[in-house]
Amino acid sequence: MNFIPPDFAPASSEIFMLIMVCVVMLADLAAGEGRRYVAYLITQITLLGCAILTFVTFSTESTLTFHGMFIDDSMADTLKLMVYGTVSAVLVYSHSYMADRGMLKGEFFSLILFATLGMMVMISASHFLTLYIGLELLSLSLYALVALRRESLMATEAAMKFFVLGALASGFLLYGMSLVYGATGTLHVSMLAQIIQSGASSKEVLVVGLVFIVAGIAFKLSAAPFHMWAPDVYQGAPTAVTLFVGSAPKLAAFGFVMRLLVEGMGEMVTDWQGMLVILAVLSMAVGNIAAIAQTNIKRMLAYSTISHMGFLLLGFISADTNGYSSSLFYVIAYVLMTLGTFAMVMLLCRYGFEAENIDDFKGLNKRSSLYAFITLLLMLSLTGIPPMIGFYAKFAVLQAVVNAGYVWLAVVGVLFSLIGAFYYLRIIKLMYFDEPETIEPIVSNSDVRILLSANGFAVLALGIFPQSLMGLSLYAIQNSM
Amino acid sequence: MSFEFPLLSLIIWLPIVFGVAVFATGDDRNAQIARWISLIGSILGFLVAIPLYTNFDSATGAMQFLENYQWFERFNVNYHIGVDGISMPLILLNCFITPIVVVAGWEVIKERVSQYMGAFLIMSGIVNGVFSSLDAILFYVFWEASLIPMFLIIGIWGGPNRVYAAIKFFLYTLLGSLLMLIAFIYLYHASEGSFSIEDYHNLAIPMTPQILIFIAFLLAFAVKVPMWPVHTWLPDAHVEAPTGGSVVLAAILLKLGGYGFLRFSLPIAPDASHYLAEMMIVLSLIAVVYIGLIALMQADMKKLIAYSSVAHMGFVTLGFFLLNAYGIEGAMVQMISHGFISGAMFLCVGVLYDRLHSRQIADYGGVVNKMPVFAAFFMLFAMANAGLPGTSGFVGEFMVIMSAIKVNFWYAFFAATTLITGAAYTLWMYKRVIFGAVASPGVESLQDISKREFGLLAILAISVLWIGIYPFPLTEVMHATVDQLLTHVSNSKL
């Protein structure tokens, strides 16, 4: 038998990551209790190493390997670099929070790295099975991470809910994939596109499959009406895990949508466009309206995420490079803002005190005007007020939507973001207009302080000079289409 | 005429840089430093704006002091700024009001001084940016950014109901501007990838989109002006804002709406403007007549002046949509004059409020016995507010009424009732507050205005009289621009 070994080079960062996850587990075992920083450092080094590998091998054209199951293109590399940065920031923000609560165990790091590996595989998948494997690796790690605080009833419930609903969604996805396979006889993304284009497959079966696939995607993106898990998971999980769940996986989910819908089933655009319109409008409506009623900050941010995912989907509706790159820009901006926001929530937590309610933001300006100002920038950015980056993200998506001829959809989008403005303004109101309930100063390590300040001001600076990120998004999409 | 020095950028960014410097002074231990830096910054801001007037070429309607750099290439957005005869006077007004606001808050604001002063300086720079942007997205960025400092000013330093007022102010204005953003995006695609406002002026647009664009702009600008029936945020915001906030709101921020009509609605959608002019005139007249009557009934001085602002701004929109040169120039003069007068009126109420912490007319009476100098100033501004000839209030209203009579007698008739109602509500308030017997022990203990307050009111009094007696320097710079605007408006773009 003639076995040709595949080209490993395009997957070098994934392979490095896999090796390093094992190293982290072993090193943590050897270092033992009290020397957790070893695992922390190795994790950060791993991410840095992956970033260097990805950067060095940054590909301007698509390379397929592992018999066409794995693809390395500029979109994948861009998204992966963003994922490394996000995960690294998550770790910086969360390590003292987790340490205070006795959860800074080796498994925290290895689970996060496994999840990251899952995301990388998802982003680089060019075969439905690879996609599915990546997705499950990510999801299973996330279920475990949510349940990390195992004595907490809320966390266990959240993990349970997440797992059951997540498994259901995976089932949907698999069923959809199998229907597509039945209709076309292939699971390769690129061959799939060709077969659909040739018209040799049964359209009816494909559409039914597509419905299931879109439902699975909507669940993973937490788009309404498949959003039910998000508020509970956001609230129940330890805040550091919420930060992780809410940030990097959205980047992977973007890649996932691109691979499945755009690259694989791009010929069926008229079919999925309509479904995405419904998902987007519902998400913006449910997210923005339900967020108003929340008193728990994490739940509120969960609903805010749902509304942002609706906006993200708007970019796909225009179904062209312009729209996809706008969505990519949106998701990057969103991740940047989410990182800062949850980091602020964690900062307000103290030893033995969980900042859960939006009232915990009361009088922040009197306690620390720097952090209040950073939160102000983040909230305005989430609202979409210039000159913050959130505005340009909304602007890019809206112009793609108008370009595609859906002016009414753009109007719906801005009206819901007007509703959304209210609950972000409420946070600003609490920080600036109300008196603090406690005058305890806010304690933070210098690494968190520096990174959070950088994060907050990046929201402003990238808003004043948005070209770099916009150009990058456009470049990444253009080169991989 | 060429002017190589980036003067406009300096006018925009100098106050912002000073504002950031004021923020950097930190908490209230350095309050005095913060005050002085803001004063220096605001006065410098005014001084650098003067060459804008002296080097202005009033013979042309084209944009001057142009600067054009690429900002972000992805959507062909440029840092494109310049001024014409419409925006230049408004920039000067803004730069003039800023030092006044800083001085007005000098002793009154004791808490978080650096944030207060910094917010005003930054807002001043942002507003200059709004008036000089020639790129739609740059305009939009400045336009929205101006919401943030005002929101904080009302919310932090305002009166008891400040939170409600601040959020109402923010959401109302955001609603209007978001639809304007969509209109810009539509125009971007219609013009095949340009955000330049001047390109839009020559862009052919069919009637239906033109009307929709007009309505999107209308919502944005009508809320800012504010026109009836979307004016309800203004009295709340004014009542709760600190004195400086009220002054800036009335003198500057309302002008953004009026400016928007001239820069966007009229030249970009001229056919829709003609088509809907009658509706706009009726809305404006309702503001003039009905809001004037509402002002009559107010028990709160600030609310009264707020409603009188709405009525006066009704004159501005009326003047615009008469669509002739006299009307538009009159409306422009009215905008500038209203900036001085309403600012001065709010300062006068602020003077009383700082002493007795009440804005209720009923709490005062006989103030003239204790504050004769103040009473004299207040008298002048009240007369100007009522439109007395010889003050700036008269010039604009007279020009607008003159041009209205050419269009339709009844427009002029209803507009002219303002001379009665305006006099009624202003002078009646003046009588109840200033004249009569000393009403309470509080009034008995009043001290007349300090040197600081005297200086502020004197400068404004001179301006009001100057425009009232000799408005030529102001109207002269507008002629060419207004003529050019009218050619845009009279050419159909269907």
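Residues numbered from 1 in each chain as written. Chains lettered and ligands numbered in written order. Predicted model: local features only at pLDDT ≥ 70, side-chain atom pairs only at ≥ 80, totals over all residues.

**Student:** What is the right way to look at the overall build of chain A in this model?
**Tutor:** The helix and strand tally for chain A stands at 20 helices and two strands. What you see for chain A is a C-alpha radius of gyration of 21 Å, in line with the 23 Å of a compact globule of 481 residues. Along the first, second and third principal axes, the C-alpha set of chain A runs to 70 × 60 × 40 Å. Residues classed as buried in chain A amount to 60% of the 481 residues present. (Helix = DSSP H or I, 4+ residues; strand = E, 2+ residues; numbered from the N terminus. Rg over C-alpha atoms; globule rule 2.2 N^0.38 Å. Buried ≥ 20, exposed ≤ 12 C-beta atoms within 10 Å, placed from the backbone.)

**Student:** Is there a simple way to think about the overall build of chain B in this case?
**Tutor:** The helix and strand inventory of chain B stands at 21 helices and two strands. Computed over C-alpha atoms, the radius of gyration of chain B comes to 21 Å, within 12% of the 23 Å expected from 2.2 N^0.38 for 494 residues, which places it in the range of a compact globule. For chain B, the spread of C-alpha atoms along the three principal axes comes to 70 × 55 × 40 Å. The buried share of chain B, taken over its 494 residues, is 61%. Long-range contacts, defined as pairs at least 24 residues apart, comprise 80% of the intrachain contacts of chain B with a sequence gap of at least 6. (Contact = placed C-beta atoms within 7 Å.)

**Student:** How should I be thinking about the packing of helix 18 (residues 407–433) of chain A against helix 6 (residues 147–157) of chain B in this particular structure?
**Tutor:** Each pair of packed helices can be described by the angle between their axes along with the distance between the axes. Two elements in contact, helix 18 of chain A and helix 6 of chain B, have axes whose closest approach is 9 Å; the angle formed by their N-to-C orientations is 50°. The angle between helix 18 of chain A and helix 6 of chain B places the two elements in the oblique class. Crossing geometry of helix 18 of chain A relative to helix 6 of chain B is assigned as right-handed. Of the residues in helix 6 of chain B, those in contact with Lys429(A), Tyr432(A) and Phe433(A) of helix 18 of chain A are Leu152(B), Gly155(B) and Ile156(B). Tallied by class, the residues present in the contact of helix 18 of chain A with helix 6 of chain B amount to four nonpolar, one polar and one charged. (Axes fitted to C-alpha atoms, helices over the stretch in contact; angles between N-to-C directions. Parallel < 35°, antiparallel > 145°, perpendicular 65-115°, else oblique. Left-handed = near helix turned anticlockwise from the far one by under 90°. Nonpolar A, V, L, I, M, F, W, Y, C, P; charged D, E, K, R; others polar.)

**Student:** Just checking my understanding: could you explain the environment of Val459(A) for this structure?
**Tutor:** Residue and element names in this part refer to chain A. With respect to the secondary-structure elements, valine 459 resides in helix 19 (residues 446–464). Taking C-alpha positions, valine 459 is 36 Å from phenylalanine 212, a pair spaced 247 residues apart along the chain. When neighbours within four sequence positions are excluded, valine 459 is seen to be in contact with Leu336, Met337, Gly340, Leu377, Leu378, Ser381, Met388 and Ile389.

**Student:** How should unusual backbone geometry be read in this particular structure?
**Tutor:** When glycine is set aside, most residues are seen to have a negative phi, and most peptide bonds are trans. Cis rather than trans, the peptide bond between Pro386(A) and Pro387(A) has omega equal to 5°. Inspection of the secondary structure puts Pro387(A) in the loop between helix 16 (369–383) and helix 17 (389–403). The residue after Val225(B), namely Pro226(B), is reached through a cis peptide bond having omega -15°. Within the secondary structure, Pro226(B) is located in the loop between helix 9 (207–224) and helix 10 (233–240). Backbone geometry places His67(A), a non-glycine residue, at a positive phi of 55°. Along the chain, His67(A) turns up in the loop between strand 1 (63–65) and strand 2 (70–72). With phi around 50°, Ala319(A) is a residue other than glycine that occupies positive phi space.

**Student:** I would appreciate a short explanation of the interface of chain A and chain B in the present structure.
**Tutor:** The interface of chain A with chain B comprises 24 residues on the first partner and 28 residues on the second. Those elements that provide at least two residues to the side of chain A that touches chain B are helix 17, helix 18 and helix 20 (467–480) of chain A. Looking at the side of chain A that touches chain B element by element, the count peaks at 11 residues for helix 18 of chain A. For the side of chain A that touches chain B, the residue count by class is 19 nonpolar, four polar and one charged.

**Student:** Even after reading the chapter, I still don't get the UniProt feature "domain: NADH:ubiquinone oxidoreductase chain 4 N-terminal" (unreviewed entry) in chain B, so can you show me in this structure?
**Tutor:** Mapped onto the present numbering, the UniProt feature "domain: NADH:ubiquinone oxidoreductase chain 4 N-terminal" (unreviewed entry) falls at residues 63–124 of chain B. Measuring from the first to the last C-alpha atom of residues 63–124 of chain B gives 21 Å, for a span that is 48% helix and 26% strand. (UniProt positions renumbered as here; feature names shortened; annotations may be inferred.)

**Student:** What is the right way to read the UniProt feature "domain: NADH:quinone oxidoreductase/Mrp antiporter transmembrane" (unreviewed entry) in chain B from this model?
**Tutor:** When the UniProt feature table is mapped to this numbering, "domain: NADH:quinone oxidoreductase/Mrp antiporter transmembrane" (unreviewed entry) covers residues 134–420 of chain B. Helix makes up 82% of residues 134–420 of chain B and strand 0%, and the two end C-alpha atoms of the span are 40 Å apart.

**Student:** How should I be thinking about helix 7 (residues 162–190) of chain B in this particular structure?
**Tutor:** An α-helical turn contains 3.6 residues, so any two residues separated by three or four positions project in the same direction. Residues and elements named next belong to chain B. Between its first and last C-alpha, helix 7 extends 42 Å over 29 residues, near the 42 Å set by a 1.5 Å rise per residue. Of all the 29 residues making up helix 7, 22 are buried; the element is thus mostly covered by neighbouring parts of the structure. Positive phi shows up at glutamate 192, right after helix 7, with a value of about 55°. (Expected span 1.5 Å × (residues − 1).)

**Student:** Teacher, can you tell me more about the nonpolar core here?
**Tutor:** Most often, soluble globular proteins keep nonpolar side chains buried together rather than apart. Counting residues in hydrophobic clusters, the biggest one holds 391 residues, and the most contacted among them are Val146(A), Ile182(B), Phe184(B) and Phe381(B). With 19 residues, helix 14 (residues 321–348) of chain A is the largest single contributor of residues to this core. Those residues in contact with Phe381(B) that sit more than four places away from it in its chain are Ile341(B), Ala344(B), Met345(B), Cys348(B) and Val464(B). (Core = buried A, V, L, I, M, F, W, Y, C linked by C-beta atoms within 7 Å.)

**Student:** Please clarify how the confidence of the model for chain B should be interpreted in this entry.
**Tutor:** The predicted coordinates should not be examined in detail at positions where pLDDT is low. Residue and element names in this part refer to chain B. With 99% of its residues at a pLDDT of at least 70, chain B reaches an overall mean of 86. In the model of chain B, helix 19 (residues 441–444) stands out as the element of lowest mean pLDDT, 79, in contrast to helix 5 (residues 136–145), which has the highest, 91. Model confidence for the complex: the whole-complex pTM is 0.90, and ipTM, which rates the interface, is 0.87. (pLDDT = per-residue confidence, 0-100.)

**Student:** Any chance you could explain the environment of Arg35(B) here in plain terms?
**Tutor:** All names here are of chain B. Relative to the helices and strands, arginine 35 resides in helix 2 (residues 31–54). You can call arginine 35 buried: it has 22 C-beta atoms within 10 Å. In sequence terms arginine 35 and glycine 339 are 304 residues apart; their C-alpha atoms lie 24 Å from each other. Leave out the neighbours within four places in its chain, and arginine 35 touches Trp106, Val113 and Met117.

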